[in-house]
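Chain and residue survey
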Amino acid sequence: MEDGFSSYSSLYDTSSLLQFCNDDSASAASSMDVTDRIASLEQRVQMQEDEIQLLKSALADVVRRLNVSEEQQAMGSRRGPTKARPMIATLPLRPTVNNGNVLPKKGTLPSPSGPGSRKDTSTPANKSLSRLPSLSCSTRFLYLPLSTVRRTNSNEHVGTLTRKDSGESKGNRTRAGSTGSNSSGKRSDSKQRDPVFNAEEGYVRMYLKGRPITMYMPKEQVDSYCLEARAELPSNKLKLDWVYGYRGRDCRSNLYLLPTGETVYFLASVVVLFNVDEQLQRHYTGHTDDIKCLAVHPDKITIATGQVAGTSSDGKQLAPHVRVWDSVSLNTLHVLGSGFFDRALVCLAFSKSNGGNTLCVVDDSNDHVLSVWDWQREDRLAEVKCSNESVFAADFHPTDSNIIVTCGKSHLYFWSLEKGTLVKKQGLFEKQEKPKFVLCVTFAENGDAITGDSSGNILVWGKGTNRISHVIPGAHEGSIFTLCMLRNGTLVSGGKDRRLVSWDSGYQQIQTVEVPELFGPIRTIAEGRGETVLIGTTKHFVLQGSLDGDFIPITQGHTDELWGLAVHPWKPQFLTCGFDRQVCLWDSSSHQLIWTKSMEDSAQSAGFHPSGAVVAIGTQTGRWLVLDTDSKDLVTVHTDGNEQLSVMSFGPDGNFLAIGSHDNYIYIYAVAENGRKYSRVGKCSGHSSFITHLDWSVDSQYLVSNSGDYEILYWIPSVCKQVVSVETTRDIEWATYTCTLSFHVFGLWPDGSDGTDINAACRSNDKSLLVTGDDFGKVHLFSHPCSQFRAPSHVYGGHSSHVTNVSFLYDDSYLVSTGGKDMSVMQWRIV
């Protein structure tokens with residue numbers, strides 16, 4: 001083994017790399033110019049990559065030798081525990097297999113996530129590094145793409161940062177890995193080993209990241225099982241039925257009323273068309289990643305939406321683009337700008353005066369490029385660098401389609417389109433103090449532009465000029481997020497102070513109403529039918545009301561990452577909870593929120609008692625609570641450890657509660673009085689990584705668990721003892737299948753998976769279907785059992801982030817899925 005390492009190390013001299021590590025020439029304090037510093041950094045990164053490749057090669061050789069050794073030992077002594085071979089101290093050893101059960105090896109270091117540690121895998125590089133021996137200083141150098149002002153490279157720079165941001169939160173969860181969007185480019189090019197079927201012992205051994213996982217099958221299936229047999233696609237399919245939530249925290253001008261009576265807005269990668277009167281939703285699902293902006297054509301039928309850049313599940317870059325589509329047929333008419341836009345689209349607007357023939361678009365590149373398109377011919381008419389600061393709004397002048405106004409951080413620009421060129425005039429604030437942010441813009445009937453800013457002032461800019469003609473100082477306390485000009489000439493403003501203020505044509509205040517604090521600051525305002533207005537808030541509510549007040553929420557959702565999902569055992573209800581510290585109980589039939597409860601800690605997991613009378617909520621701090629399902633009153637509260645509680649699962653008979661923790665333990669409680677009294681039995685100790693999933697046997701006598709390092713362990717929960725006999729465990733009938741590692745479900749793993757790609761699984765109550773949620777924003781529907789390698793599935797998009805949880809309702813009428821960073825809850829009808 002040491003010879004193997006030395007042979008690799010002799011290929012590469014790291015002395016120059018160490019010299020680089022201690023060299024400060026590339027820092028900001030260096031006297032080198034920027035070009036030389038960038039070249040130096042690029043050289044440094046290249047040397048890191050070389051060293052990482054070398055270490056990977058060495059590690060691959062070690063893993064190969066280990067596998068050969070283990071196979072030989074398994075052949076020589078099938079029943080006894082294997083004896084560990086001495087190895088390099090920092091390399092984690094694979095737990096041994098004893099009678100088909102994975103047991104932790106004594107004396108080894110804790111596996112990928114030891115007690116108290118968090119698994120942070122925000123980038124593929126970090127993932128590989130976490131498994132390597134200790135690296136040199138150079139390799140620990142921050143491994144990020146170089147930032148540059150060149151438009152062509154900016155996608156690489158920010159794309160990575162946003163994905164990393166999402167990934168950290170997910171890493172802190174249980175199943176680490178992908179990040180904020182449909183995908184994360186986690187797929188490796190290396191060929192994964194195919195599973196092996198051992199007919200004599202009756203097991204299938206599959207490999208995740210080169211690590212063998214042994215799964216024993218029921219005795220009655222051993223003789224008839226064939227690993228090469230093809231699994232069938234399920235005859236059922238899913239149809240998106242309802243989307244719970246709205247994106248108001250970081251998006252603007254994304255709420256409109258169509259002549260059909262439908263309110264249009266977006267969440268994740270779905271545009272929702274919601275008819276409030278008929279309580280019906282339709283969905284445009286042409287996008288592949290987060291939608292960030294929306295515009296409605298003057299014909300009130302054609303809609304344009306823009307999305308962020310993403311990565312497909314096979315690692316290919318998906319370009320940001322604009323989709324123009326028909327809101328009646330939901331057919332895509334045109335796709336604009338694939339390969340032109342950078343990072344994301346932040347603003348969209350159709351022209352008003354020329355029949356809506358042109359579309360202006362601002363992307364999220366370093367220069368926030370403003371482009372004008374003849375969208376019907378998919379022809380770009382002009383483009384210009386708008387600003388190196390954030391751009392919040394862009395709109396055409398209502399009577400002149402050659403004039404565009406953009407505003408954002410520290411700027412307000414009036415653009416004229418002249419012979420294919422956009423010419424800029426800067427708004428002159430003169431005696432008026434220049435605000436830090438100009439946040440919104442609209443137009444008066446006479447053509448004046450009206451802006452709202454972070455100082456709480458409304459400024460009126462004379463038509464055709466770049467000068468202020470009128471000021472409403474202190475119109476709001478704090479930022480004005482939105483301005484809406486109603487058909488009758490009334491101007492309505494809303495902002496951070498939650499006040500909705502109406503102004504007459506002379507800019508005199510008519511009236512003020514305050515939106516309740518529960519709903520949050522006003523993000524956007526749209527004109528509704530008659531006297532009504534629609535309001536989108538930063539706390540993800542859409543409200544319907546009038547300028548006199550009386551606001552009713554027509555949709556609402558979570559405001560932070562979402563993980564907890566539990567379905568009621570005998571009612572069409574489900575519960576969600578997340579990092580926003582909100583617990584929400586929903587009615588799947590009426591699509592209404594039944595109740596919501598605020599908590600002190602971020603919530604992580606949930607599980608109903610079989611009676612449905614109470615529900616247990618696990619938090620990120622080790623505290624767990626039991627709530628009364630009807631009254632939402634607190635029944636009891638306990639604390640186990642100080643790590644997040646990933647699974648809360650009651651036994652089918654309701655007499656025990658199992659709690660899977662990030663501290664590697666499963667805590668067992670005896671339950672009495674219909675879920676109202678709890679006494680601790682003990683804790684199941686044996687996993688060498690955090691608990692990810694738990695399932696109970698039908699008779700509530702056994703428990704099976706999965707962990708972050710791919711262990712499958714079996715337990716007798718009433719005495720907190722591990723079961724190591726294959727003959728005892730292989731024929732147990734399980735009440736649920738949420739564990740992603742077992743013989744009956746291993747076909748759900750895609751080729752090349754790294755073991756963290758699948759976050760959740762659930763078997764239907766009629767036992768015919770299996771659904772999974774993955775790191776690439778996809779929901780997969782398989783036939784169950786799913787015990788053939790690479791089983792085929794129906795695949796459904798809609799989420800734009802890792803799908804954190806999935807579950808069938810009690811009667812299999814619907815399936816519910818939750819998104820992580822997209823904060824969405826989606827309800828699918830089984831057809």
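Residues numbered from 1 in each chain as written. Predicted model: local features only at pLDDT ≥ 70, side-chain atom pairs only at ≥ 80, totals over all residues. Heavy atoms only, no water.

Here's the deal with the overall build of the protein chain
What counts, and what does not: Elements are defined by DSSP. Helices are runs of H or I of four residues or more, strands are runs of E of two residues or more, and each kind is numbered from the N terminus. Each residue gets one of three labels from its accessible area relative to the maximum for its type: buried under 20%, exposed over 50%, partly exposed in between, using a 1.4 Å probe on protein chains only. We call two residues in contact when some of their heavy atoms are within 4.5 Å. Surface exposure here means Shrake-Rupley accessible area, sampled with a 1.4 Å probe, where a residue is shielded only by the protein chains that are shown.
Within the protein chain, the secondary structure is distributed over eight helices and 59 strands. Here the protein chain, with 831 residues, has 58% of them falling under the buried criterion. Across the protein chain, the fraction of contacts at a sequence separation of at least 24, relative to all contacts at a separation of at least 6, is 51%. Here the protein chain has roughly 32800 Å² of accessible surface; of this, 49% comes from carbon and sulfur atoms.

What about the sheet that holds strand S44 (residues 634-639)?
Convention followed: Pairs of strands are assigned from DSSP output, requiring at least two bridges between the strands. Helix axes are fitted to C-alpha atoms over the stretch in contact, other axes to C-alpha atoms as well, and angles between N-to-C directions run from 0 to 180 degrees.
Pairing is antiparallel across the open sheet formed by four strands, whose spatial order is S41-S42-S43-S44. Where the open sheet ends on each side, the last strands, each with one partner, are strand S41 (603-608) and S44. The sheet shows a mean angle of 20° between the axes of neighbouring strands, taken without regard to direction. Here S41 runs beside strand S42 (residues 614-619); their pairing, made up of five bridges, is antiparallel. Residue Gly607 lies in a different strand from S42, and its bridge partner there is Ala616.

A word on the layout of surface pockets
How we decide: Within this scheme a cavity is a closed region of a 1 Å grid, computed over the protein atoms alone, that accommodates a 1.4 Å probe without allowing it to escape, whereas a pocket is open but has protein on both sides within 12 Å along at least five of seven lines; lining residues each have an atom within 4 Å of a point. Grid points are joined across faces, edges and corners, and a volume is the space filled by probe spheres set on the points. Residue classes follow a fixed rule: Ala, Val, Leu, Ile, Met, Phe, Trp, Tyr, Cys and Pro count as nonpolar, while Asp, Glu, Lys and Arg count as charged, and any other residue, Gly among them, counts as polar.
The calculated volume of the second largest pocket comes to roughly 1000 Å³. Lining the second largest pocket are 44 residues, and of these Val567, Ser649, Thr736, Thr738 and Ser807 lie nearest its centre. The set of elements that each furnish at least two residues to the lining of the second largest pocket consists of strand S37 (562-567), S41, strand S45 (645-650), strand S49 (691-696), strand S53 (758-763) and strand S57 (803-808). Residue composition of the lining of the second largest pocket, grouped by class: 22 nonpolar, 17 polar and five charged.

Details of the side chain of Asp241
Put simply, the rule is: Each polar contact in these results corresponds to two N or O atoms within 3.5 Å; when the atoms are within protein, one needs to be able to donate a hydrogen and the other to accept it, and residues that are neighboring in sequence are counted only if both atoms are side-chain atoms.
Note that Asp241 resides in strand S6 (residues 238-244). A distance of 3.2 Å separates polar atoms of two side chains, one belonging to Asp241 and the other to Arg829. Excluding anything up to four places from it in sequence, Asp241 contacts Gln281, His283, His591, Tyr814, Gln827, Trp828 and Arg829.

Observations regarding unusual backbone geometry
Residue His784 is joined to Pro785 through a cis peptide bond whose omega torsion reads 0°. Phi is positive for Ser410, close to 60°, though the residue is something other than glycine. Positionally, Ser410 belongs in the loop between strand S22 (403-408) and strand S23 (411-418). The residue Lys767 is not glycine, and still its phi comes out positive at about 70°. Within the secondary structure, Lys767 sits in the loop between S53 and strand S54 (769-774).

As for the pairing of strand S10 (residues 280-284)
Put simply, side chains in a regular strand alternate between the two faces of the sheet. The pairing of strand S9 (residues 270-275) with S10 spans five bridges and is antiparallel. Looking across to S10, one finds that Val271 is bridged to Tyr284. Connecting the antiparallel pair S9 and S10 is a turn made up of four residues, with Gln279 showing a positive phi of about 50°.

Considering the pattern of salt bridges
Keep this limit in mind: A carboxyl oxygen of Asp or Glu within 4 Å of a side-chain nitrogen of Lys or Arg is what we treat as a salt bridge.
Overall, the coordinates contain 24 salt bridges when judged by the stated rule. In this structure, the salt-bridge partner of Arg790 is Asp751, at a minimum N-O distance of 3.1 Å. Here Arg790 is found in the loop between strand S55 (779-783) and strand S56 (794-796), whereas its partner Asp751 is found in the loop between helix H8 (726-729) and S53, with 39 residues between them in sequence. When its relative accessible area of 30% is taken as the criterion, Arg790 is described as partly exposed.

Details of the side chain of Asp290
Looking at the secondary structure, you find Asp290 in the loop between S10 and strand S11 (291-296). By relative accessible area, which is 9% here, Asp290 ends up buried. At 3.0 Å, the side chain of Asp290 and the side chain of Arg247 are in polar contact.

Some points on the sheet that holds S6
Taken in spatial order, the four strands line up as S6-S59-S58-S57 in an open sheet, and their pairing is antiparallel. Of all strands in the sheet, those bounded by a partner on one side alone are S6 and S57. Here the average twist between neighbouring strands, direction ignored, is 25°. As judged from the five bridges shared by S57 and strand S58 (residues 814-819), these two strands associate in the antiparallel manner. Along S58, the bridge assignment pairs Asn805 with Thr818.

Focus on the nonpolar core
The nonpolar side chains of a soluble globular protein tend to be buried, and buried together. Here is the rule we go by: Side-chain atoms within 4.5 Å are what join buried Ala, Val, Leu, Ile, Met, Phe, Trp, Tyr and Cys residues into a set we call a nonpolar core.
Grouped together as the largest cluster of nonpolar side chains are 42 residues, with contacts concentrated most on Leu238, Phe574, Val771, Val779, Phe808, Leu815 and Trp828. With five residues, S6 is the largest single contributor of residues to this core. Counting residues in hydrophobic clusters, the runner-up holds 31 residues, among them Leu227, Ile712, Ile758 and Cys786.

Section: the packing of aromatic side chains
Note the threshold: Any two rings among Phe, Tyr and Trp, with Trp reduced to its six-membered ring, count as a pair given centres within 6.5 Å; such a pair is stacked if its planes are under 30 degrees apart, edge-to-face if over 60, and tilted if neither.
As enumerated under the stated definition, the model contains 26 aromatic pairs in all. Consider the rings of Tyr246 and Tyr265, whose centres lie 5.9 Å apart with planes at 75°: the pair is edge-to-face. Remark: Tyr265 occurs in strand S8 (residues 262-267) and Tyr246 occurs in the loop between S6 and strand S7 (256-257); sequence separation between them is 19 residues. As far as burial versus exposure is concerned, Tyr246 and Tyr265 are alike and both buried. Look at Phe650 and Tyr678: their rings are 6.4 Å apart centre to centre, the planes differ by 55°, and that puts the pair in the tilted class. On the criterion of sequence distance, the pair formed by Phe650 in strand S45 and Tyr678 in strand S48 (residues 677-684) is long-range, its members being 28 residues apart. Judged by relative accessible area, Phe650 falls into the buried class, the value being 8%.

Brief notes about the confidence of the model for the protein chain
For the record, the criterion: Per-residue confidence from the prediction method is given by pLDDT, with values spanning 0 to 100.
Per-residue pLDDT for the protein chain has a mean of 85; in total, 81% of the residues score no lower than 70. Below pLDDT 50 for its whole length, residues 1-18 participates in 25 contacts with residues either more than four positions away or in separate chains. For the stretch residues 78-150, pLDDT sits under 50, and the model shows 166 contacts to residues farther than four places along the chain or on other chains.

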